[in-house]
Amino acid sequence: MAFETITVEVEDHVALITLNRPDAMNALNDQLLGELVTALEEAQGNDKVRCIVLTGSEKAFAAGADIKMMSDKSFVEVFAGDLFGPEADAIMRVRKPIIAAVSGYALGGGCELAMMCDFIIASESAKFGQPEINLGVMAGLGGSQRLTRFIGKSKSMDMNLTGRFMDAEEAERSGLVSRVVPIKKLREEALAAAGKIAEKSMVSIMAVKEAVNRSYETTLREGLLFERRVFHSLFATEDQKEGMSAFMEKREAQFRDK
Ligand code: CO8
C-alpha cells in the first residue's frame, strides 16, 4: 500500500517504519496514525517480517499529537469519537516486537508512541517529554500511566507537571530507554538489534513479549505463574528441541517457528 506520512522498508526480516511528516515534526494526526496501524498490521501478517523498527527523523521522532488538528475539537468529538483510542489499541495488539529508534523530540503523543513499543533505543540527541500541561490538557496515551511505571512516580510527576524535557542520558539512567547510541548510528544499531531478535524462534519471541508485558498488567504472583506456564508450554515446540540440541552439539540453532 502507498503511504504519504510514513515509509516502510522490509529487509532481512525487519520492517523499518519511518514517520515522515517533516513539516510538522512528525506530529501524529489521523492520517499518520491510520497509516502506521496499517503498516504494523501488514508487518504482523507478513511472514518475512520478524521484528519491526519504528523511527522518525534526526530532528524528531514525533513532537506529539497534531495540535493544529486537535485545537478546535469539542469534548463530545474527542470523547464520543474516542480520539486516538482505536489506533493505540491496534498498536498494542501487534505481537511481533517493535523497537522505537528515537532521535530528537519524542514529546507528548510522540513519547507515548515510543513507550507503546517494546523497547526504546535513543540517539544522544533524543529529548523526551510530556508537555501537554502547557497546552491546558494532560497526557492521554500513556504519559501518566506507562511513564510512571517505567521511571517512577517522582520523575513522572516532574515531567507531567512541569512539562520539562528529559535528555537521552537521563532517560537511560531512569530506565525509559534501553541504550543510547551516537546519532549517526541510531538506525544501524536499532536494525542490528532487530536482526538479532529476528534470528530467534518466533514462538519464543512472541512468548517473551507477552510475558514481559504481562508484568505491567498483573500481580507478581500471577505474573510469575504465567511466566512459568509459558516456559513449560515452550517444551511442546520443535524449536525447544532444536535450541537445546544445538547448544549441546556446539552449533548454531536453526529455528523453524514450530
Ligand atoms: N502539532 C502540530 N504541529 C507541530 C507540533 C505538534 N505537536 N510540533 C511541532 N509542530 C510544527 C510547528 O507548528 C511548526 O510548523 P509551522 O512552521 O507550520 O508553524 C513545525 O512543526 C516546526 O516546529 P517549531 O517551529 O516549533 O520548531 P522548534 O524547533 O522551534 O521547536 C518543538 C520544536 C520544541 C518540538 C516545538 O515545535 C513544540 O514544542 N512542539 C509541540 C510539542 C507538544 O506540545 N507536544 C504535545 C502535543 S499534545 C499531545 O501529544 C497529546 C497526546 C495525547 C492524545 C490523547 C488522545 C487520547
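Residues numbered from 1 in each chain as written. Predicted model: local features only at pLDDT ≥ 70, side-chain atom pairs only at ≥ 80, totals over all residues. Heavy atoms only, no water.

A. Highlighting the environment of serine 144. Considering the arrangement of structural elements, one finds serine 144 in the loop between strand S8 (127-129) and helix H6 (146-151). Judged by its relative accessible area of 27%, serine 144 is partly exposed. The sequence separation of serine 144 and leucine 83 amounts to 61 residues, and the corresponding C-alpha distance is 17 Å. Every residue in contact with serine 144, bar those within four places of it in the chain, is listed here: Met138, Ala139 and Asn160. At 3.1 Å, the side chain of serine 144 and the side chain of glutamine 145 are in polar contact. (Helix = DSSP H or I, 4+ residues; strand = E, 2+ residues; numbered from the N terminus. Buried < 20%, exposed > 50% of the residue type's maximum accessible area, 1.4 Å probe, protein only. Contact = heavy atoms within 4.5 Å. Polar contact = N/O pair within 3.5 Å; in protein donor to acceptor, adjacent residues only side chain to side chain.)

B. Geometry of helix H10 (residues 202-214). If you check H10, its first and last C-alpha atoms are 18 Å apart, about what 13 residues at 1.5 Å a residue would give, namely 18 Å. Along H10, the residues that are buried comprise Met202, Ile205, Met206, Ala207 and Lys209. Residues of H10 that are buried in the fold lie against strand S5 (98-102), helix H9 (186-198) and helix H11 (220-233). (Expected span 1.5 Å × (residues − 1).)

C. Quick look at the pairing of S5. Counting buried positions along S5 yields 5 of 5 residues, so the element is predominantly enclosed. Burial of the side chains of S5 extends over both faces: Ile98, Ala100 and Val102 are buried on one face and Ile99 and Ala101 on the other. Two strands pair when backbone bridges link them, and strand S3 (residues 51-55) and S5 are joined in this way by 4 bridges, in the parallel orientation. Paired with leucine 54 across the bridge in S5 is alanine 100. The sheet contact formed by S5 and strand S7 (residues 119-123) spans 4 bridges and is parallel. From the neighbouring strand, isoleucine 99 faces S7, where its bridge partner is phenylalanine 119. (Pairing = 2+ DSSP bridges.)

D. The packing of helix H1 (residues 30-45) against helix H4 (residues 85-92), seen in detail. Packing of H1 against H4 leaves a shortest axis separation of 10 Å and a crossing angle of 20 degrees. It follows from the interaxial angle that H1 and H4 lie roughly parallel. Helix-helix and strand crossings are classified by hand; for H1 and H4 the assignment is left-handed. Side by side, H1 and H4 meet where Leu33, Leu36, Val37, Leu40 and Glu41 of the first sit next to Glu87, Ala90 and Ile91 of the second. Looking at the contact of H1 with H4 residue by residue, the class counts come to 6 nonpolar, no polar and 2 charged. (Axes fitted to C-alpha atoms, helices over the stretch in contact; angles between N-to-C directions. Parallel < 35°, antiparallel > 145°, perpendicular 65-115°, else oblique. Left-handed = near helix turned anticlockwise from the far one by under 90°. Nonpolar A, V, L, I, M, F, W, Y, C, P; charged D, E, K, R; others polar.)

E. Summary view of the sheet that holds S8. What the 4 strands build is an open sheet, ordered S4-S6-S8-S9; its pairing is mixed. One side of each edge strand has no neighbouring strand; the edge strands of this open sheet are strand S4 (60-62) and strand S9 (165-167). Each adjacent strand pair in this sheet contributes to an overall mean axis angle of 20 degrees, direction not counted. Sheet contacts for helix H5 (residues 109-116): S4, strand S6 (105-107) and S8; angle to S6, the most-contacted strand, approximately 90 degrees.

F. The site of the ligand, seen in detail. Surrounding the ligand, one finds 23 residues, the nearest of these being Ala63, Ala65, Ile67, Lys68 and Gly109. At a separation of 2.9 Å, a nitrogen atom of the ligand approaches a polar backbone atom of isoleucine 67. Between the ligand and the protein, one listed contact pairs an oxygen atom with a backbone N or O atom of glycine 109 at 2.7 Å. Protein coverage of the free-state accessible area of the ligand, which is 1,100 Å², stands at 64%. Among the elements that make up the shell around the ligand, the one with the highest residue count is helix H2 (residues 67-70) (3 residues). In terms of residue class, the shell around the ligand is built from 14 nonpolar, 4 polar and 5 charged. (Near = heavy atom within 4 Å. Areas by Shrake-Rupley, 256 points an atom, 1.4 Å probe, with all protein chains shown as cover.)

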